[in-house]
Amino acid sequence: MYRYSNTSIILKVSIAVLFIIGMVLECSCERSEEPKKAGTGYITYTLHWDSVIPGFSAPEKLRYCIYPSEGGPMIQTDGDANGITLFLPPDKYNVLIFNYDAKNIDFRNMSKFEEAEAYTLQTKATGTGSQGITPLYGLVIDTLEVLPNVENSAILVPTPLVRHISFKVQIDKPEEIQACQGSLSGVLTSLNLSKRKVTTQATTSVKFNMETSEIGMGGDLIILGSPHPTENEQHPVTHQVTMDFTLSDGSTVSSTVDLGNKLNEIDSPHINVSMNATVEKSPNFSIRLQNWEVGPGEETTIE
């Protein structure tokens, strides 16, 4: 009888094992050549509120509107005032960031980056003081490139998209004044968020309340507008401020000052408007506003 030798058995087993290993290696090489699916990228934004208008509440609710470069639908998400981490498909984006808890402000045309607007809601006269009022802040990222599995991080500082105007009236006979309400004409009602500029299609008059102060009367007003004057404007917006005084005898007297284009010339989010009022009782009560000044902040005035 023919018998297998130990050597031939070992040789055959070795050949079989090598064959199996070769098949496994071949299969694994074929699988490694398959393309991997592109992963999402992500952005991490940390917000610093270094440009908050002094005396006013800082925002608490932020909105991110993210626009794909290929014209796909806008991606919207909300976050708090500290920052946010977002996962996005690889692409190039335009981004609008703003707080949506600003007083008397709403938004429209948000589906398109170039047309997105903030606009003023029609309300009654605003109160004086800044307690509980949150102004509008925002920023624009014109190009955000998101790459697969790559973090895009940045520290962002939103800046004011409104202007705070303080009105102060020094009255020579304050005892003759019971109350006062002001109004400012020529106020623009909408602001393009991507350009950070007010649009000149419509203006309105906005009322604001005045309260007694040490010098007479004082009040304030927040209007839309970035503190960067528009150059070469074909139709510059002008403003008039009107004060409606209620006198000690119950009658009312109005007086108006034409501020011209002075408010637009101030490169600051905070503007002071100061004026003197002279009360005349004879033959009839009248009040004249005079010697008015417009200037940025609390330090400088411009005639």
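Anything mentioned here points back to the structure above.
Parameters at a glance
- Residues numbered from 1 in each chain as written.
- Predicted model: local features only at pLDDT ≥ 70, side-chain atom pairs only at ≥ 80, totals over all residues.
- Heavy atoms only, no water.
- Helix = DSSP H or I, 4+ residues; strand = E, 2+ residues; numbered from the N terminus.
- Contact = heavy atoms within 4.5 Å.
- Areas by Shrake-Rupley, 256 points an atom, 1.4 Å probe, with all protein chains shown as cover.
- Buried < 20%, exposed > 50% of the residue type's maximum accessible area, 1.4 Å probe, protein only.
- Pairing = 2+ DSSP bridges.
- Core = buried A, V, L, I, M, F, W, Y, C linked by side-chain atoms within 4.5 Å.
- Phe/Tyr/Trp six-rings, centres within 6.5 Å; stacked < 30°, edge-to-face > 60°.
- Lys NZ or Arg CZ within 6 Å of the ring centre and 35° of its normal.
- Axes fitted to C-alpha atoms, helices over the stretch in contact; angles between N-to-C directions.
- Polar contact = N/O pair within 3.5 Å; in protein donor to acceptor, adjacent residues only side chain to side chain.
- Salt bridge = Lys/Arg side-chain N within 4 Å of Asp/Glu carboxyl O.

Novice: Got a sec to walk through the overall build of the protein? Specific residues and values, please.
Specialist: Counting its secondary structure elements, the protein contains one helix and 18 strands. For the protein, the proportion of contacts with a sequence separation of at least 24, taken over those separated by at least 6, is 69%. Here the protein displays about 17,400 Å² of accessible surface, and carbon together with sulfur accounts for 50% of that area.

Novice: A description of the pairing of strand β5 (residues 91-99) should follow, citing residues and the corresponding values.
Specialist: With respect to burial, β5 is a largely interior element, seven of its nine residues being buried. Pairing of β5 with strand β8 (residues 137-146), which is carried by seven bridges, proceeds in the antiparallel orientation. Looking across to β8, one finds that Leu96 is bridged to Val140.

Novice: So what's going on with unusual backbone geometry? Residues and values would help.
Specialist: Non-glycine residue Arg196 carries a positive phi angle of around 60 degrees. Relative to the helices and strands, Arg196 resides in the loop between β12 (177-192) and β13 (197-212). Residue classification places Arg196 among the buried residues on the basis of a relative accessible area of 19%. Despite not being glycine, Asn291 has its phi angle at roughly 55 degrees, a positive value. Examined against the element boundaries, Asn291 turns out to sit in strand β18 (residues 286-296).

Novice: Lay out the nonpolar core with the relevant residues and their values.
Specialist: The biggest cluster of nonpolar side chains holds 32 residues, and the ones touching the most others in it are Phe167, Val169, Leu184, Val241, Met243, Phe245 and Val273. Counting only elements with at least two residues in this core, the list comes to β11 (162-171), β12, β13, β14 (216-224), β15 (239-247), β16 (252-260), β17 (270-280) and β18. Ranked by residue count, the leading element in this core is β17, at five residues. When residues no more than four places from it in sequence are discounted, the contact partners of Val241 are Phe167, Ser183, Leu184, Phe208, Ser255, Thr256, Val257, Leu259 and Met275.

Novice: Could you give me a rundown of the environment of Pro68, with the residues and numbers involved?
Specialist: Summarising the element assignment, Pro68 is placed in strand β2 (residues 61-68). Given a relative accessible area of 16%, Pro68 falls into the buried group. For the pair formed by Pro68 and Glu145, sequence separation is 77 residues and the distance between their alpha carbons is 9.9 Å. Those residues within four positions of Pro68 in sequence are excluded, and the remaining contacts are Pro73, Asp91, Lys92 and Tyr93.

Novice: Residue-level account of the packing of aromatic side chains, with values.
Specialist: In total, this model carries five aromatic pairs according to the counting rule given. Both rings, one in Trp49 and one in Tyr137, keep their centres 5.8 Å apart while their planes meet at 80 degrees; by these two values the pair is edge-to-face. Of the two residues, Trp49 sits in the loop between β1 (41-47) and β2 while Tyr137 sits in strand β8, which places them 88 residues apart along the sequence. Seen from the ring of Tyr100, Arg63 lies directly overhead, with NZ or CZ sitting 4.2 Å from the centre. Against the face of Tyr119 rests Arg108, its NZ or CZ located 4.3 Å from the ring centre.

Novice: So what's going on with the sheet that holds β2? Which residues, and what values?
Specialist: The sheet built from five strands is open, its strands ordered β3-β2-β5-β8-β10 with antiparallel pairing. The strands lining the two open edges of the sheet, one partner per strand, are β3 (75-80) and β10 (159-160). Inspection of the sheet shows β2 paired to β5 by seven bridges, in the antiparallel sense. Counted as the bridge partner of Pro68 is Tyr93 from β5.

Novice: Run through the sheet that holds strand β9 (residues 151-156), naming residues and quoting values.
Specialist: Reading across from one edge, β4-β1-β9 is the order of the three strands in this open sheet, with mixed pairing throughout. Two strands lie at the open edges of the sheet, namely β4 (83-88) and β9, each paired on one side alone. Taking each pair of neighbouring strands and ignoring which way they run, the sheet shows an average axis angle of 15 degrees. As defined by bridge partners, β1 adjoins β9 across six bridges and the pair is classed as parallel. Bridge pairing in β9 places Leu47 opposite Leu156.

Novice: So what's going on with the side chain of Ser190? Residues and values would help.
Specialist: In this fold, Ser190 is placed in strand β12. A polar contact is formed between the side chain of Ser190 and the side chain of Thr199, at a distance of 2.3 Å. When residues no more than four places from it in sequence are discounted, the contact partners of Ser190 are Arg108, Glu117, Ala118, Tyr119, Val198, Thr199 and Leu224.

Novice: Which residues make up the pattern of salt bridges, and what values do they have?
Specialist: Inspection of the entire model under this criterion finds five salt bridges. The partner of Lys173 in a salt bridge is Asp172, and the shortest N-O contact between them spans 3.5 Å. Judged by relative accessible area, Lys173 falls into the partly exposed class, the value being 29%. Among the ionic pairs, Glu280 bridges to Arg288, the shortest N-O distance being 3.3 Å. Residue class for Arg288 comes out partly exposed when judged on its relative accessible area of 41%.

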